[in-house]
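Analysis of the macromolecular model
Chain by chain, the residues:
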Amino acid sequence: MAKKNTNFICTDCGNNFPQWNGKCPTCGAFNTIKEFKEAALQDHKKNIQGQDLRQTKTEDDQMPKVQRILTGISEVDRVLGNGFFPGSVVLFGGQPGIGKSTLALQIFAKIETTKVAFYFSGEESVGQVQNRKQRITTTNKEDVVNIFSTNSLEDIISTVTRHRPDFIVIDSIQMVGLSGSSFGSMSQIRENAEVLVKLAKATETVILLIGHVTKADEIAGPKVLEHLVDTVLYLEGEKNSEIRLLRSPKNRFGSTMEIGVFDMQSQGLQELKNPSEYFLAERAKDAFGNAICVVREGVRNFLMEVQILTVKTNFGNPRRTASGIAMSKFHLLLAVISKFTPFKCHEYDAYCNVVGGFRIQDPAADLAICAAILSSRAEKEILADTVIFGEVGLSGEVRRVPNIDTRLTEIAKLGFKKVICPPIPKGQKVPPDLTIQSIKSVSELARIILRKG
Ligand code: TYD
Ligand code: MG
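Residues numbered from 1 in each chain as written. Chains lettered and ligands numbered in written order. Predicted model: local features only at pLDDT ≥ 70, side-chain atom pairs only at ≥ 80, totals over all residues. Heavy atoms only, no water.

1. Here we look at the overall build of the protein chain
Condition: Elements are defined by DSSP. Helices are runs of H or I of four residues or more, strands are runs of E of two residues or more, and each kind is numbered from the N terminus. Whether two residues touch is decided by their heavy atoms; if any such pair falls within 4.5 Å, the residues are in contact.
Along the protein chain, the regular secondary structure elements total 13 helices and 21 strands. Considering only contacts within the protein chain whose residues lie at least 6 apart along the sequence, 65% involve residues at least 24 apart.

2. Structural notes on the site of ligand 1
Put simply, the test is: We call a residue near a molecule or strand whenever a single non-hydrogen atom of that residue lies within 4 Å of it. Two N or O atoms form a polar contact when they lie within 3.5 Å of each other; inside protein one atom must be a possible hydrogen donor and the other a possible acceptor, and for residues adjacent in sequence the pair counts only when both atoms belong to side chains. Residues are grouped as follows: nonpolar covers Ala, Val, Leu, Ile, Met, Phe, Trp, Tyr, Cys and Pro; charged covers Asp, Glu, Lys and Arg; every other residue, Gly included, is treated as polar.
Around ligand 1, a shell composed of 16 residues is seen, among which Gly97, Ser101, Thr102, Gln265 and Gly268 lie nearest. Ser101 places a side-chain nitrogen or oxygen 2.6 Å from an oxygen atom of ligand 1. Looking at the shell around ligand 1, the elements with two or more residues in it are helix H4 (100–112), helix H5 (126–136) and strand S11 (259–265). Among the residues making up the shell around ligand 1, the classes are represented as four nonpolar, nine polar and three charged.

3. Here's the deal with the pairing of strand S8 (residues 206–212)
Definition in use: Three labels apply to residues, based on accessible area from a 1.4 Å probe with only protein chains included: buried if under 20% of the type maximum, exposed if over 50%, partly exposed otherwise in between. For two strands to be treated as a pair, DSSP must find no fewer than two bridges joining them.
Most of S8 is tucked away: six of the seven residues are buried. Pairing geometry for strand S4 (residues 89–94) and S8, over six bridges, is parallel. Across the sheet, the residue bridging to Gly93 is Gly211, located in S8. Sheet topology places strand S7 (residues 167–171) next to S8; five bridges connect them, and they run parallel. Directly across from Phe167, in S8, lies its bridge partner Val206.

4. Some thoughts on the pairing of strand S1 (residues 6–10)
Among the five residues in S1, four count as buried, and that is most of the element. For S1 and strand S2 (residues 16–17), the ladder comprises two bridges, and the chain directions are antiparallel. Paired with Ile9 across the two strands is Asn16, which belongs to S2. Connecting the antiparallel pair S1 and S2 is a turn made up of five residues, with Gly14 showing a positive phi of about 85°.

5. Describing the sheet that holds strand S14 (residues 300–312)
Quick reminder of the rule: To get an axis, a line is fitted to the C-alpha atoms, and for a helix only the part in contact is used. The angle between two axes follows their N-to-C directions and goes from 0 to 180 degrees.
Reading across the sheet, the four strands line up as S13-S14-S16-S15 and stay open at both edges, with mixed pairing between neighbours. Unpaired on one side and paired on the other, strand S13 (290–297) and strand S15 (320–323) mark the two borders of the sheet. On average, adjacent strands in this sheet sit at an angle of 20° to one another, irrespective of strand direction. Two elements, S13 and S14, share eight bridges in a ladder whose sense is antiparallel. Looking at S14, one finds that Glu297 is bridged to Arg300. This element, helix H11 (residues 366–378), spans S13, S14 and strand S16 (348–354) of the sheet and lies at about 30° to S14.

6. Digging into the packing of helix H6 (residues 153–163) against helix H7 (residues 186–203)
Geometry of a packed helix pair, given as the angle between the helix axes and the separation of the axes. Basically, it comes down to this: Each angle receives one of four descriptions, namely roughly parallel if under 35 degrees, roughly antiparallel if over 145, roughly perpendicular if within 65 to 115, and oblique otherwise.
At a closest axis distance of 11 Å, the pairing of H6 and H7 adopts a crossing angle of 5°. Put simply, H6 runs roughly parallel to H7. Where H6 abuts H7, its residues Leu153, Ile157, Val160 and Thr161 lie against Asn192, Val195, Leu196, Leu199 and Thr203. Taken together, the residues of the contact of H6 with H7 sort by class into six nonpolar, three polar and no charged.

7. A closer look at the pattern of salt bridges
Convention followed: One side-chain nitrogen of Lys or Arg within 4 Å of one carboxyl oxygen of Asp or Glu is enough to make a salt bridge.
This structure, assessed with the given rule, holds 16 salt bridges. Its salt-bridge partner being Asp230, residue Arg252 comes within 2.6 Å of it at the nearest N-O pair. On the criterion of sequence distance, the pair formed by Arg252 in the loop between strand S10 (243–251) and S11 and Asp230 in the loop between helix H8 (222–228) and strand S9 (231–236) is long-range, its members being 22 residues apart. Residue Arg252 is classed as partly exposed on the basis of its relative accessible area, which comes to 47%. Between Lys273 and Glu271 there is a salt bridge, and its shortest N-O distance comes to 3.4 Å.

8. A short note on the sheet that holds strand S21 (residues 435–438)
The three strands lie next to each other as S17-S20-S21, forming an open sheet whose pairing is parallel. Unpaired on one side and paired on the other, strand S17 (386–388) and S21 mark the two borders of the sheet. Adjacent strand axes in the sheet meet at a mean angle of 20° when their direction is disregarded.

9. Some thoughts on the packing of H11 against helix H13 (residues 442–450)
As a reminder of what qualifies: Crossings are assigned a handedness: left-handed for a near helix turned anticlockwise from the far helix by less than a right angle, right-handed for a clockwise turn.
Relative to each other, H11 and H13 sit at 45°, their axes nearing to 10 Å. Classified by the interaxial angle, the pair formed by H11 and H13 is oblique. H11 and H13 meet at a crossing whose hand is right-handed. Contacts between H11 and H13 involve Leu367, Cys370, Ala371, Leu374, Ser375 and Ala378 from the first element and Val442, Leu445, Ala446, Ile449 and Leu450 from the second. For the contact of H11 with H13, the residue count by class is 10 nonpolar, one polar and no charged.

Structure (structure tokens):
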């Protein structure tokens, strides 16, 4: 007797409810609860799991020393927490055209030389994928073609179960499915993910699952998928910049703090060994509204340029836009400056841009953002050899940030001479060519900028 199982799932938080609701009782989002029927889905799962998957599960119960699968691309390996964990499912998201297929193909090509790797494309033909692979990789084994073009999840499962590859790419989760299911729907994506997670665990195969994102930058069927997989990788970048950042918002086998930095070129994504130099390459040294900060991501420090433009509002409410920092942070820092310095901002439009398409999360950039706002408002440029860092509190105080020593080393390495930052702890080594100007509040910062230096 077919059991007709109707579920209501929130597309935002992924929670399940027995009935429809206008507002999700868990996450509070409106109009996100969608109905889907599970009857067909259950039948499919029964058919597939009944065969090889269960049998192979017995092997991996002891805990031998796990050998991670390295990609040979150091930026990727670091973000993953030293390579792929065998049997893990990695969801790889990003905007269309950002370079997901390119990077996945580069990883595939590198792994293929040492391990067995398969590439299943649901979007492109074998010829197209091959062609791209030849363009972006120099060493390729042309005689063995482990690239397949298919939309059938059954075929993928059979192939993987039979050949037991170490690593597979599925491009993309939205473009493969079990026969009979409707492509691109919430239920199909969830169903695919569930089946693939089981397949990965049973065969010890690493699955790199490419997923498209919606306009709101979420992988379609967003949180539902993130709960199911072991690791989520996200490739991001601005449309008019070649810089691509690889982040890992969820990682069961490593830190989520690391980022990988790439430069998109005609030969695919190249690792960027010295990102600070790249970010600062085109800066205008004598323009006002610009400030250099040092931000820390994972174990690395980057020097980054923040640009602010403030102009008198013509009418109505002032306009604010921020690219590269959170809008709420921008509002907060404008408010702090209006309150604690003579430079009121409430009648000024303010625009913020972080050069190179980087999205700053480190609060150490607060002080540089404030400095750029003040510099733009006062129309006084900040000296070109100065780096500014420190966290700014709601009462206009400047707070200490961690890892001062490595930040100072990075600043000195790139030839800067002066640092404006919170007081440095006693005993802290300062590189010999750096002059430190310690400040405790944004009002001190305003005085420094007015003096132009
Ligand atoms: P792609 O990997 O197909 O994006 P996604 O799979 O995320 O949709 O990348 C497509 C873009 O990347 C396309 O606009 C062209 C650009 N690109 C390069 O600049 N250099 C390259 O070597 C390749 C392969 C792509
Ligand atoms: Mg693609």
